[in-house]
Amino acid sequence: MPARILDGVKIASEIRGEVGAQVKAMTAAGIRPGLAVVLVGHNPASEIYVRGKVKSCEELGIYSEQHTPPDTVSTEELLALVNELNERDEIDGILVQLPLPPQVDSKKVLLAVDPAKDVDGFHPMNVGLLSTQRDGLVACTPAGVIEILKRSQIAIAGQEAVVVGRSDIVGKPVAMLLINANATVTVCHSKTRDLPAVCRRADILVAAIGRAGMITRDFVKPGATVIDVGTNRVTDPAEFQRLYAGNAKREETFRTKGSTLVGDVHPEVAEVAGALTPVPGGVGPLTIAMLMSNTVRAAKLRRGSRIPEFSRAR
Ligand code: NDP
């Protein structure tokens, strides 16, 4: 039986509905959540991401503003901007879109963001809160992975989970969230011995690698849930054939656009897995939904105590 497809678009839309209702109630009570996005220079991919984030704020009634320093900006200038945003009470979330230009000390800039406004969840303070199971702001894509599992009624407690990828922004926080949800977690990376065998232990397999279709059927235990975080743009016709030969819809996209978006999981895994997130339309849509949710959560945590009904963040 083919895998159940976990529809990220539908789940993200559910979350946005909930967040929108909270924004409405908070705004009526005098606190309108606000997000400031800092976009340096003209990176086309970053511009698309930021446009999506701002549009999403508009749809949900979240106040948003964009700051667009030139790509010649210095670390000091960015620090001054971040500090100004830290000081402003109506700004609940600050998002510094990565990557920053090479002359900028990115770590220093990210560290300057007030942890209470760190809606990306990258600040070491929030990473520490997550790892000690305290209330904080959790990175959006990892939080989205957990939302997909929970909202699809996939049990986590007691399950064997394997995360492939150990980056600070995806692999590690996903692993931490799974541990906090009582899974037994193994984290793999490029030095892991016999990766397919380790992955085959998983009831829940999370791929956050950045290699198109690397996870083939021999990595997957029959019936396992597979969450594909990878987003890889494939332009090589031979690589396309390896992944999608015979898939008329994809072939059409590839012909017209010259590329297609592919996850880290090979499409053949749909024949073995019990449940699977597609790419596109799986984890991706959750990332912006969780950013919206984090902005509202930051507003509640920071300003909620001024209004009794919002004094608790959850
Ligand atoms: P990184 O490049 O930072 O990390 C990749 C990880 O994969 C590393 O830990 C690396 O191991 C591991 N890895 C690489 N090759 C192999 C291999 N052959 N075998 C086993 N492990 C391997 O990537 P990110 O974590 O930032 O992103 C991962 C993927 O998720 C990318 O495709 C990215 O585009 C996507 N992504 C999607 C988002 C979304 O919204 N859907 C958001 C963020 C990311 P090592 O540490 O040893 O080098």
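See the structure above.
Note that the structure is a prediction, hence the values are computed from the model and not measured.

Cysteine pairs can be covalently joined through their sulfur atoms, and such a bond is termed a disulfide. Per the stated rule, a full pass over the model turns up 0 disulfides. Just so you know, Cys-188 is unpaired, no disulfide at all, and the nearest cysteine sulfur is the one on Cys-199, 5.2 Å from it.

Further remarks concern unusual backbone geometry. The peptide bond linking Leu-98 to Pro-99 adopts the cis configuration, its omega dihedral lying at 0°. Tracing the backbone through its elements, the reader meets Pro-99 in the loop between strand E4 (93–96) and helix H4 (106–112). Within the chain, Gln-133 stands out as a residue other than glycine whose phi angle is a positive 55°. Here Gln-133 shows up in the loop between helix H5 (124–131) and helix H6 (140–151). Residue classification places Gln-133 among the exposed residues on the basis of a relative accessible area of 56%. Although it is not a glycine, Gln-153 sits at a positive phi angle of roughly 55°. If you trace the backbone, Gln-153 turns up in the loop between H6 and strand E5 (160–164). The exposure class of Gln-153 is exposed, given its relative accessible area of 68%.

Moving on to the site of the ligand. Taken together, 21 residues sit near the ligand, with Arg-166, Ser-167, Ser-190, Thr-231 and Thr-287 positioned nearest. Contact distances for the ligand include 3.5 Å between an oxygen atom and a backbone N or O atom of Val-229. Separating an oxygen atom of the ligand from a side-chain N or O atom of Thr-231 is a distance of 2.7 Å. Relative to its unbound accessible surface of 930 Å², the ligand loses 70% to contact with the protein. Among the residues making up the shell around the ligand, the classes are represented as 8 nonpolar, 11 polar and 2 charged.

This part covers the nonpolar core. As a rule of thumb, nonpolar side chains are buried together in soluble globular proteins. Counting residues in each nonpolar core, the largest one holds 53 residues, and the members touching the most others are Leu-35, Leu-178, Val-206 and Ile-227. Residue assignment for this core shows that the elements contributing at least two residues are helix H1 (8–28), strand E2 (34–38), helix H2 (44–60), H6, E5, helix H7 (171–180), strand E7 (204–207) and helix H11 (283–303). Of the residues that make up this core, three or more belong to each of domain 1 (30–116) and domain 2 (140–284). Excluding anything up to four places from it in sequence, Val-206 contacts Val-145, Val-162, Val-163, Val-164, Val-174, Leu-178, Ile-227 and Val-229. Formed by 20 residues, the second largest nonpolar core is a distinct cluster that contains Ala-3, Ala-202, Ile-215 and Phe-219.

The next subject is the pairing of E2. Along E2, 5 of the 5 residues are buried, which leaves the element largely enclosed by surrounding structure. With burial as the criterion, each face of E2 is covered, one bearing Gly-34, Ala-36 and Val-38 and the other bearing Leu-35 and Val-37. Pairing of E2 with strand E3 (residues 63–67), which is carried by 5 bridges, proceeds in the parallel orientation. Looking across to E3, one finds that Ala-36 is bridged to Glu-65. Where the polypeptide runs from E2 across H2 and back to E3, its parallel neighbour, the crossover connection is right-handed. Of the strand pairs in this sheet, E2 and E4 are connected by 4 bridges, and their pairing is parallel. If you follow Leu-35 over to E4, its bridge partner there is Gly-93.

Reading the values: the criteria
- Residues numbered from 1 in each chain as written.
- Predicted model: local features only at pLDDT ≥ 70, side-chain atom pairs only at ≥ 80, totals over all residues.
- Heavy atoms only, no water.
- Disulfide = S-S within 2.5 Å.
- Helix = DSSP H or I, 4+ residues; strand = E, 2+ residues; numbered from the N terminus.
- Buried < 20%, exposed > 50% of the residue type's maximum accessible area, 1.4 Å probe, protein only.
- Near = heavy atom within 4 Å.
- Polar contact = N/O pair within 3.5 Å; in protein donor to acceptor, adjacent residues only side chain to side chain.
- Areas by Shrake-Rupley, 256 points an atom, 1.4 Å probe, with all protein chains shown as cover.
- Nonpolar A, V, L, I, M, F, W, Y, C, P; charged D, E, K, R; others polar.
- Core = buried A, V, L, I, M, F, W, Y, C linked by side-chain atoms within 4.5 Å.
- Domains from an automatic or database assignment.
- Contact = heavy atoms within 4.5 Å.
- Pairing = 2+ DSSP bridges.
- Right-handed = clockwise from strand over helix to strand, strands pointing away.

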